[in-house]
Amino acid sequence: MQDPTPERGAEERRGAPASGGGVSWLQRVFEEVRGSSQLSLAPAEPPPLTVVAVERYLAQAPAAPQYWYDVTLADGARQERCFLAPRLNGLVHRAHLRAGARLRLRRCSYLYDEKRLNYGFLCLEELETVGGSGLTAAPPRRRPPPLRGEKNHYLPLWNNEDPYGDVWVADKPQAQVNVDVSKLTSLGQLEMTWRSRVHFNPLLVRVLHKSRLRYYGKPEKKVDMPYQAYFEVADASGMMSMVLWNSLCPEWYNSMKVGTVLLLEQYTIKTSYPFKTQPTPGDSQMKRFATIEISLNVRHPPTKISIIPEEMVKPEWGLPEVKYRFITRSELDDLPNNHSCDVIGLVTFVGRAERTRKREHGEDFWLYRWAHAIDGTSDQPFVLELFATSQPDVFERIHPMTYLVCTQMRVVRDLTGNPSSTIYLTTSNESQIFITGWHKGQPYTKDTKVKNFIQWTKTQSEADQMKKTVIGGYYPLPRPPNNFLKYCKNNKVELVLKTIGETGKEIEDLHYREHKRIAVQGIISAIRYISCSNAAEEASGLEPVQKDTSQCPESSSMSKDCVHQEKAASLQNKEVKSSLGSHCAPREQHQHQAPQAKRSSVKRKIPRRLNTDAEQASTSVVPVSSYRYFTRSARRKLGLNEFQQEDFAQDKNGQAISDSVQHHTADWIHYQEGMSDIPETEETGRTCDSWQSDLWAQVKDKLMNYLHHGSIFPESIPRKFDYVHKDLLMQQYNLHAAVHQPNETRTDKNISEFRSASGLGYYEVTVLGINHDVAIDVAFLPLFCPEDPHLFQLEDIQNDTLLSCMSCISACQQKTTSNGRLRDMFPLSNEIVEAAMDLDGKHVVCILDICRLGDDKVEVFLSKIYKTVEPGVLDPV
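The paragraphs below set out a description of the structure included in this document. (Residues numbered from 1 in each chain as written. Predicted model: local features only at pLDDT ≥ 70, side-chain atom pairs only at ≥ 80, totals over all residues. Heavy atoms only, no water.)

### Observations concerning the pairing of strand β3 (residues 67-74)
Of all eight residues in β3, eight are buried, a share of seventy percent or more. Covered by surrounding structure in β3 are Tyr-67, Tyr-69, Val-71 and Leu-73 together with Trp-68, Asp-70, Thr-72 and Ala-74, the residues of both alternating faces. In this structure, strand β2 (residues 49-58) lies alongside β3, joined through eight bridges in antiparallel fashion. Residue pairing for β3: Thr-50 is matched across the bridge by Ala-74. (Buried < 20%, exposed > 50% of the residue type's maximum accessible area, 1.4 Å probe, protein only. Helix = DSSP H or I, 4+ residues; strand = E, 2+ residues; numbered from the N terminus. Pairing = 2+ DSSP bridges.)

### Examining a positive patch on the surface
Residues Arg-214, Lys-218, Lys-221 and Arg-359 make up a contiguous surface patch of positive charge. The class for Arg-359 is exposed, based on a relative accessible area of 57%. (Patch = residues over 30% accessible without salt bridge, like charges linked within 9 Å, V, L, I, M, F, W, Y side chains within 5 Å. Areas by Shrake-Rupley, 256 points an atom, 1.4 Å probe, with all protein chains shown as cover. Salt bridge = Lys/Arg side-chain N within 4 Å of Asp/Glu carboxyl O. Lys, Arg positive; Asp, Glu negative; His and termini not counted. Charge placed at Lys NZ, Arg CZ, Asp CG, Glu CD.)

### Side note on the side chain of Ser-525
Checked against the element boundaries, Ser-525 lands in strand β24 (residues 515-531). Beyond its immediate stretch of four places on either side in the chain, Ser-525 contacts Trp-691, Gln-692, Ser-693, Trp-696, Thr-766 and Leu-768. (Contact = heavy atoms within 4.5 Å.)

### Details of the environment of Ser-390
Relative to the elements of secondary structure, Ser-390 occurs in the loop between β18 (382-387) and α7 (392-395). Take Ser-390: its relative accessible area is 4%, and that puts it in the buried class. The spacing of Ser-390 and Asn-254 is 136 residues in sequence and 9.1 Å in space, taken between C-alpha atoms. In contact with Ser-390, not counting residues within four places along its chain, are Glu-161, Asp-162, Pro-163, Arg-212, Leu-213 and Tyr-253. Separated by 2.5 Å, the side chain of Ser-390 and the backbone oxygen of Glu-161 make a polar contact. Within the structure, the side chain of Ser-390 is placed 2.8 Å from the backbone nitrogen of Leu-213, a separation counted as a polar contact. (Polar contact = N/O pair within 3.5 Å; in protein donor to acceptor, adjacent residues only side chain to side chain.)

### Notes on the packing of aromatic side chains
The full count for this structure, using the stated rule, is 30 aromatic pairs. When the centroid spacing of 4.9 Å and the interplanar angle of 75° are considered together, the rings of Tyr-110 and Tyr-112 count as edge-to-face. Looking at Tyr-112, the relative accessible area reads 34%, which means it is partly exposed. Put simply, the rings of Tyr-57, Trp-68, Phe-83, Tyr-119, Phe-121 and Tyr-154 pair up and form one aromatic cluster. Taking NZ or CZ as reference, Arg-56 lies 4.4 Å from the ring centre of Tyr-67, over its face. Between Arg-116 and the ring centre of Tyr-119, over which it is positioned, the NZ or CZ distance is 4.6 Å. (Phe/Tyr/Trp six-rings, centres within 6.5 Å; stacked < 30°, edge-to-face > 60°. Lys NZ or Arg CZ within 6 Å of the ring centre and 35° of its normal.)

Laid out in structure tokens, this is it:
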């Protein structure tokens, strides 16, 4: 065998020696497989390897998948870049295979490129993921081209809009150019004379707006750098679109900022693309030349671009200043839908990065996250839906307590006539975002409303604002509309509804951090309240502690009253094996097995107080069963009071809670006081915070399929922001990086150790299929932050009787808890049971929010319930 050709270089292709030195197992495998007769090898006793990088690039036609992946592995002595067999792409899609993970190489092969001389690479055919921490060796700084095909660059791992890799120039040097004004032309002159000319005089313009990158690569296309970016540029005569094409994007995109002055030579003029988005200019009087656009290409002809330093810009050139349309939060409520504006605020909440598919069954995703920001003009925050704007360094570093500027945002308000729905702002194609550290030199720093905001921040107490900060977790906005037909928009109902069986397939097909909203028909059949101290353990996948009924004289009747639901073991620590002939193993579909239930009517166990004040000293957290019925001694032994001992500070704006919450608070306190006379004994100190319908008792043991997705995970719970651990929290709620970058200062702090910002628990809701043969457990997470009542808007679900009851009661629990009252009682309230009984046996449509958190962890949250009153008529509950 000959060594690979120097076309890409052996060391460049295969990687480089790691800092550890020694004999490389990977190198030995590489030589063995290349020398085998079948060019295939199943290594004996493979050691654990560390994944250093997982990188994506466009596949080459006629390949079945749209994208290929290269995986860099390290064994402590060497790093080896390998090609991932396309049938294993699902490992990346579900984040089983990610940078920093550990795995064993069970089978590999060697592939030669038949169109090149002496060029080949290692192909990963079968992998097994293992636990444990990986090596700390960093990848080479210079990333070589992809192993397979003719592409010379990698794409970002999780979306297509962000610049990724060394090919993207961070900043082009500014040119010392002598501008000859006599040779310049203007945009107005171009608009009048472009049809009669082949060559055009130089243009001197200022960038007013900048779009996100557009990637238009397809496997069958031969364009090496299929990128495009739109800019709006202006001179004294008006504004015109400018398009940056292909290889010029990596070279110039990052340097062409809003406000940059450009000298353009050897450009071309083309008719404008009629369907492109149009930003709203800050100066409404500026003339727009919309029929033509400036085209910048690397050839035919090669465009010459020069950036003029701001200090060299002369007033006599007449270039317009960048103007903005900043609004305050107090002005937002009066603005119409789709109104364009700019905002600045202090971030109080930032959600996790999530993805949504651009096309059904496609491999391309939009990347986005939610954020809240305040500006002091209203007690309500700006609610911001932030899609990636080709600024990954900014997008990934948005965190609470930073000053956030968002430009060219669009107002989104409910047009269905729901006055309580939240108004929010979403990014447009021309939006730009900036945070603390990126504001210097930006044109908006001169804006009056920006200066007013900065003055307001100087009057604020940092400690007071920090109390209100939250990061990550499930975020329920935007809420579904009040009417299911409006939810369907213009689609047929049968195209929107999924069967419960199809829901299982939808969940299985989710990619990493993909969020999807689906609608299913069913019957609300059971509800169970789970406290947060239990919830964390349920997500751990540990074995349950069985209920001991032998000591209880009421054991036989108790067992009838309580709903027993055996939870499927968590798959999050499961080793994932992918063989030669199959994809990643699908998520198990668990067959439900439950004891016989003999109830003939709807029943609910009366809750009892479980702990004395002395017992609240316990702070340990230990595994808890999915059976939630414990004696006082068992609770004392298991330390179930840990979460309830958290100190919630009473927020000074607590009075802003809605009237319905205040009403429920009074009922809640009265209810608790009424329960205080119930005697406490070892035998009667059990609770079953659950309800089940008579129908459920009859059919639950005869189901053909029962999907268990009623658990939540630590990542699902919004957390109080801790500035000391800012970097750890940002890493947790961003997506996995493509290239592993070991931290110099590592911490063993787990996400579960950060204080929860929302309720004292959640609800597990069982939805029975309308044919009574399948069922699914889903979760409902009441979101309410006592330090900031405006963080999660309760009034958004006031039209859902059941869900609003569960939210309001949970908010009242927190309020009484923060006042130090009976923090250990979590009954299923009378209002909740009455609302559930009202739905007993009735067909409803449930809107579910589903999201794959990584590995086999998938959260399924109930977002909305619609009642089907009669055929073809659908109203909110």
